[in-house]
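Residue-level listing of the chains:
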Amino acid sequence: MLELAHSLAEVKSRQDVPAALRLLHPDVLLETPAFGTTARGLAENEKVLRRFFASFPDYDVDLQGHASNGDTLVCWGTARMTMTGNRFGVRPNGRRAEIPVFIQFTFADDLIAGERFLFDLATLCARSGVSTDAVRRRLFPALEGGDAA
């Protein structure tokens, strides 16, 4: 499990989408709660990964620790990435953000069957010089005018 997680971190840090897809189960579920996204299956994951790397072309993750219960692996570490473009409806400052991350993995057939990528959106926004509120409005338009609590 740990070898697969480290391999995925390595290929994602190179933005190597084909290599990442080879490590994923055909029914893989990728969840990124901070962005409100989920992707199931290889085709959806390819689309989401390419979009992510277009927004963060220098993404790099360093896994520094882990815990496992035999079925699930949780890794933690640091992601470094520069927000680019206008995907989030804001103009980033161009500086590379360094943020803590937690990644929960599940496995099937010796492949990664699930990845839940967890980080604090407010930290990413602050270090990218953008308004968290503006980014949240873009990512979660249904919450506009409502109580997000």
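Before reading further, recall that the structure is shown in the block above.
Now for a look at the structure at hand. (Residues numbered from 1 in each chain as written. Predicted model: local features only at pLDDT ≥ 70, side-chain atom pairs only at ≥ 80, totals over all residues. Heavy atoms only, no water.)

1. Regarding the nonpolar core
Nonpolar side chains in soluble globular proteins tend to be buried together.
So, point 1. Phe35, Phe56, Tyr59, Phe119, Leu121 and Leu124 are the most contacted members of the largest nonpolar core, which has 43 residues in total.
So, point 2. In contact with Leu121, other than residues within four places in its own chain, are Ala34, Phe35, Val135, Arg136 and Leu139. (Core = buried A, V, L, I, M, F, W, Y, C linked by side-chain atoms within 4.5 Å. Buried < 20%, exposed > 50% of the residue type's maximum accessible area, 1.4 Å probe, protein only. Contact = heavy atoms within 4.5 Å.)

2. Considerations on the packing of helix 4 (residues 121-128) against helix 5 (residues 132-139)
So, point 1. Look at helix 4 against helix 5: their axes get within 9 Å of each other, and the N-to-C directions meet at 125 degrees. Judged by the inter-axis angle, helix 4 sits oblique to helix 5. Handedness of the crossing formed by helix 4 with helix 5: right-handed. In this structure, helix 4 contributes Leu121, Ala122 and Cys125 to the contact, and helix 5 contributes Thr132, Val135, Arg136 and Leu139.
So, point 2. Residues belonging to the contact of helix 4 with helix 5 are distributed by class as follows: five nonpolar, one polar and one charged. (Axes fitted to C-alpha atoms, helices over the stretch in contact; angles between N-to-C directions. Helix = DSSP H or I, 4+ residues; strand = E, 2+ residues; numbered from the N terminus. Parallel < 35°, antiparallel > 145°, perpendicular 65-115°, else oblique. Left-handed = near helix turned anticlockwise from the far one by under 90°. Nonpolar A, V, L, I, M, F, W, Y, C, P; charged D, E, K, R; others polar.)

3. Section: helix 1 (residues 2-13)
So, point 1. In this model, helix 1 (twelve residues) spans 16 Å end to end at C-alpha, consistent with the 16 Å of a helix rising 1.5 Å per residue.
So, point 2. Residues of helix 1 that are buried: Leu4, Ala5, Leu8, Ala9, Val11, Lys12 and Ser13. (Expected span 1.5 Å × (residues − 1).)

4. Focus: the environment of Thr78
So, point 1. Along the chain, Thr78 falls in strand 4 (residues 72-82).
So, point 2. Residues Thr78 and Val61, spaced 17 residues apart in sequence, show a C-alpha to C-alpha distance of 5.7 Å.
So, point 3. Engagement of the side chain of Thr78 in a polar contact is seen with the side chain of Gln64, the distance being 3.4 Å. (Polar contact = N/O pair within 3.5 Å; in protein donor to acceptor, adjacent residues only side chain to side chain.)

5. Side note on the sheet that holds strand 3 (residues 60-68)
So, point 1. Overall, mixed pairing links the six strands, which are arranged 2-1-6-5-4-3 in an open sheet. Where the open sheet ends on each side, the last strands, each with one partner, are strand 2 (37-40) and strand 3. Adjacent strand axes in the sheet meet at a mean angle of 20 degrees when their direction is disregarded.
So, point 2. Each of strand 1 (24-32), strand 2 and strand 4 is contacted by helix 3 (residues 41-55), which is oriented at about 45 degrees to strand 1, the strand it contacts most.
So, point 3. Helix-sheet contacts for helix 4 involve strand 4 and strand 5 (96-108), and the interaxial angle to strand 5 is about 150 degrees. (Pairing = 2+ DSSP bridges.)

6. Description of the pattern of salt bridges
So, point 1. Applying the stated criterion across every chain yields a total of seven salt bridges.
So, point 2. The partner of Glu10 in a salt bridge is Arg14, with the nearest N and O atoms 3.1 Å apart.
So, point 3. The exposure class assigned to Arg14 is partly exposed, which follows from its relative accessible area of 45%.
So, point 4. Among the salt bridges present, the one from Glu31 reaches Arg116, with a minimum N-O distance of 4.0 Å. Highlighted residues: Glu31 in strand 1 and Arg116 in strand 6 (residues 111-118), separated in sequence by 85 residues.
So, point 5. For Glu31, a relative accessible area of 26% corresponds to the partly exposed category.
So, point 6. Looking at Arg116, the relative accessible area reads 32%, which means it is partly exposed.
So, point 7. When salt bridges that share partners are traced, they join Glu10, Arg14 and Asp16 into one network. (Salt bridge = Lys/Arg side-chain N within 4 Å of Asp/Glu carboxyl O.)

7. What to know about the packing of aromatic side chains
So, point 1. Within this structure, the stated rule accounts for 13 aromatic pairs.
So, point 2. Residues Phe52 and Tyr59 carry aromatic rings whose centres are separated by 5.1 Å and whose planes lie at 80 degrees to one another, so their mutual orientation is edge-to-face.
So, point 3. Phe52 sits in the buried class, given a relative accessible area of 11%.
So, point 4. Where Phe56 meets Phe88, the ring centres are 5.9 Å apart and the plane angle is 45 degrees; that geometry is what we call tilted. Linking Phe56 in the loop between helix 3 and strand 3 with Phe88 in the loop between strand 4 and strand 5, this pair joins segments that are 32 residues apart in sequence. The burial state of Phe56 is the same as that of Phe88; both residues are buried.
So, point 5. One aromatic cluster is present, formed by Phe35, Phe52, Phe53, Phe56, Tyr59, Phe88, Phe117 and Phe119 through successive ring pairs. (Phe/Tyr/Trp six-rings, centres within 6.5 Å; stacked < 30°, edge-to-face > 60°.)

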